[in-house]
Amino acid sequence: MEEMLFYDRMQFAFTITFHYLFPQLTMGLSLIIVYFKWKYLRTKNDQYNHATHFWMKIFALNFAMGVVTGIPMEFQFGTNWAKFSELTGGIIGQTLAMEGMFSFFLESSFLGIFLFGEKIIGHKWHFVTGLLICIGSWASGYLIIATHSWMQNPVGYEILENGKFVLTNFKALFLNPWLWPSYLHNQAASLVTSSFVVAGIGAFYILSQKNVSFGKLFLKTGVIFGLISSIIVAVPTGDLLAKNVVKYQPVTFAAMEGIFHTEKKGSEIVLIGQPDVKDKKLDNKIAVPNILSFLTYGNWEQEIKGLDQFEEDIHPTNISGLYYAYHIMVGLGTVFIGLMLLSLVQLLRGKLFETKWILWSLLFMMPFPYIANTTGWYTAELGRQPWLVYNLLRTSAGASPTVSSGNTLFTLLGFIGLYLLLGMLFLLLIGKIIHKGPHKEVITENI
């Protein structure tokens, strides 16, 4: 059973990790595309319209990859997690169906019009279709995270005698206190990824002396969007989400922060340290006293429960993985704020485009928001373990009992091979789009 459960989880973890590389860019990028089109309508500067078309190509390719890699996950609910689907389908099936019927079709329907219909519908309606794509993209994220939030903090439900969950309060599902902080945190993080990609490609154009005017536009836009979104990820959304974890999943919070033993007069915040789960301690730690209590409760001496206050059978099953995922996410988020702040200072001083070390840093940092988003989701999912539905349905109780570990491993290897080929094809096509650049070079002084 443990081997079967391991491969079930590994397969879903691999497929969803690869899949989410694409939606995290499209959700944020859709907003930046709408901004470029809006700027064109206001200024009639063709450069903004060419920027719109350039980024829409990258959006469309990411969208297609997201669709292709998203479909297998739906099937896994029926193959690897049949018991989970049977017991909770009456609740999670509603939000997932709404995401497919409303958000996905809204996004996909207007994508074709936006890509090919500008000359037919005109610029104003072209902007409207872009806005509808953005709304569909963000609504899709909302409904997915509504599902995720119910699994983290189940509300508005009843458990029948046969063990099935039924929804008794539809309103509660969308007023879940876990939902809005998670959603806004996720969307801001998506915008961070998009901003770094836009700024990074802008830096590439400037450094290579190719499409320089577009490079300056992309760099300026990416830095402004990137700084705003990086701050929002930390405060208020990250702060609110962490306080939700303290309130609803205190054992998860203790594991995230590496608190093995309760500290009576305030908890320190650990900057660096390696968890030794066996001996229940952190090795080689560098910590600041009492800061964690202040950040969490606004009280320097507030007690925060350690893992010693909870039964071991409800501890997260991978404390080390959870601890590192959380600290990588937070560490990278801090770096993002610092780099974008320095970039904005140089932009305001009129020296950003000549400051090569910042340009190289922005180019080098392009992959790291993807890592931060991935580790953020790992923090949420590892933190919920050993539960599928927190405190109600264990992960071991949701797996399909008739699918062998050998079958799951075989298909996992197949996914790895197929996704490797898809990933190489995707990078090849993205590289061609970037190499070709926007439609044409437009010399504009007032960028």
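In the annotation of an unreviewed UniProt entry, the entry for the protein chain reads Cytochrome ubiquinol oxidase subunit I, and the organism field reads Flavobacterium hercynium. Among the UniProt annotations of the protein chain, the heading Subcellular location (unreviewed entry) holds the following wording: "Cell membrane". According to the UniProt record, the Sequence similarities (unreviewed entry) comment for the protein chain reads "Belongs to the cytochrome ubiquinol oxidase subunit 1 family."

**A word on the layout of surface pockets**
Of the volumes computed, that of the second largest pocket is approximately 1200 Å³. Lining the second largest pocket are 47 residues, and of these H185, G238, Y326, M329 and V330 lie nearest its centre. Secondary-structure elements contributing two or more residues to the lining of the second largest pocket are helix 5 (118–152), helix 7 (179–207), helix 8 (212–248), helix 9 (250–257), strand 3 (269–276), helix 10 (291–297), helix 11 (319–348) and helix 13 (368–384). Counting residues per element, the lining of the second largest pocket draws most heavily on helix 8, at 10 residues. A class-by-class count of the residues in the lining of the second largest pocket yields 26 nonpolar, 18 polar and three charged.

**Considerations on helix 9**
Counting buried residues along helix 9, seven of its eight residues qualify, which places the element largely inside the surrounding structure. Among the residues making up helix 9, those that are buried are V251, T252, F253, A254, A255, M256 and E257. Each element contacted by the buried residues of helix 9 is listed here: helix 8, strand 3, strand 4 (281–288), helix 10, helix 11 and helix 13. Immediately downstream of helix 9, the backbone of G258 shows phi near 70°, a positive value.

**Focus on empty space enclosed by the protein**
Here the structure, examined in full by the defined rule, presents one cavity of 30 Å³ or more. Considered as a void within the structure, the largest cavity measures approximately 30 Å³ in volume. Along the walls of the largest cavity sit S30, I33, V34, M56, F59, F114, G130 and I133, which together make up its complete lining. Looking at the lining of the largest cavity, the elements with two or more residues in it are helix 2 (23–43), helix 3 (46–79) and helix 5. It is helix 2 that provides the largest number of residues to the lining of the largest cavity, a total of three residues. Taken together, the residues of the lining of the largest cavity sort by class into six nonpolar, two polar and no charged.

**What to know about helix 11**
Its 30 residues give helix 11 an end-to-end C-alpha distance of 44 Å, which sits within 8% of 44 Å, the value for a rise of 1.5 Å per residue. One or two steps after helix 11, the chain reaches G350, where phi turns positive at roughly 75°.

**Some remarks on the packing of helix 1 (residues 2–19) against helix 3**
One way to put it is that helix 1 packs onto helix 3 with a least axis distance of 9 Å and a crossing angle of 155°. On the basis of their axis angle, the class for helix 1 and helix 3 is roughly antiparallel. The crossing of helix 1 and helix 3 is left-handed. Of the residues in helix 3, those in contact with Q11, F12, T15, I16, F18 and H19 of helix 1 are M65, G66, T69, G70, M73, Q76 and F77. The class makeup of the residues in the contact of helix 1 with helix 3 is six nonpolar, seven polar and no charged.

**So, the side chain of N244**
One can find N244 in helix 8. For N244, a relative accessible area of 10% corresponds to the buried category.

**Points about the nonpolar core**
The biggest cluster of nonpolar side chains holds 39 residues, and the ones touching the most others in it are L29, F36, W55, I58, F59, I201 and F218. Contributing elements (two or more residues each) for this core: helix 2, helix 3, helix 4 (82–116), helix 7, helix 8 and helix 14 (405–436). Among the elements that line this core, the one with the most residues is helix 3, at 10 residues. Other than its neighbours up to four places away in sequence, F218 contacts F36, A51, F54, W55, V198, A199, G202, Y205 and P438. Core analysis: the second largest hydrophobic core is formed by 28 residues, I91, A172, Y183 and A399 among them.

**Examining the pattern of salt bridges**
Tallied over the full model, the rule gives nine salt bridges. We note a salt bridge from E86 to K83, for which the minimum N-O separation is 3.6 Å. Placement of both E86 and K83 in helix 4 is noted, with a separation of three residues, approximately one turn of the helix. Measuring nitrogen to oxygen at the nearest pair gives 2.4 Å for the salt bridge that ties E268 to K285. Of this pair, E268 sits in the loop between helix 9 and strand 3 while K285 sits in strand 4; the two residues are 17 residues apart in sequence, bridging distant segments of the chain. Residue K285 is classed as partly exposed on the basis of its relative accessible area, which comes to 41%.

Reading the values: the criteria
- Sequence positions are assigned chain by chain, starting from 1 and proceeding in written order.
- Two thresholds apply to this predicted model, a pLDDT of at least 70 for residue-level local features and 80 or more for giving and counting side-chain atom pairs, whereas whole-chain, interface and lining totals are computed over all residues.
- To obtain the side-chain values, all non-hydrogen atoms of the structure were used and water was disregarded.
- UniProt positions are given in the numbering used here, feature names are shortened, and annotations may be inferred rather than shown by experiment.
- Two kinds of site are reported from a 1 Å grid over the protein atoms alone, namely cavities, where a 1.4 Å probe fits but cannot get out, and pockets, open sets with protein on both sides within 12 Å along at least five of seven lines, and residues are called lining when an atom falls within 4 Å of a point.
- Grid points are joined across faces, edges and corners, and a volume is the space filled by probe spheres set on the points.
- Numbering of helices and strands runs from the N terminus; a helix is a DSSP stretch of H or I covering at least four residues, while a strand is a stretch of E covering at least two.
- Polarity classes work like this: nonpolar for Ala, Val, Leu, Ile, Met, Phe, Trp, Tyr, Cys and Pro, charged for Asp, Glu, Lys and Arg, and polar for all others, with Gly in that last group.
- Only protein chains enter the calculation, and the probe is 1.4 Å; a residue is then buried if its accessible area is under 20% of its type maximum, exposed if over 50%, and partly exposed in between.
- Only heavy atoms enter the contact rule, under which two residues are in contact if any of them lie within 4.5 Å.
- A helix is expected to span 1.5 Å multiplied by its residue count minus one.
- Note on method: axes are straight lines fitted to C-alpha atoms, helices fitted across the in-contact stretch only, with angles between N-to-C directions ranging 0 to 180 degrees.
- Geometric relationships in this document are graded by angle, where less than 35 degrees denotes roughly parallel, more than 145 denotes roughly antiparallel, 65 to 115 denotes roughly perpendicular, and other angles denote oblique.
- Two helices crossing with the near one rotated counterclockwise from the far one by less than a right angle form a left-handed crossing, whereas a clockwise rotation gives a right-handed crossing.
- By convention a nonpolar core is built from buried Ala, Val, Leu, Ile, Met, Phe, Trp, Tyr and Cys residues, the set being connected through side-chain atoms within 4.5 Å.
- By definition, a salt bridge exists where a carboxyl oxygen of Asp or Glu is found within 4 Å of a side-chain nitrogen of Lys or Arg.

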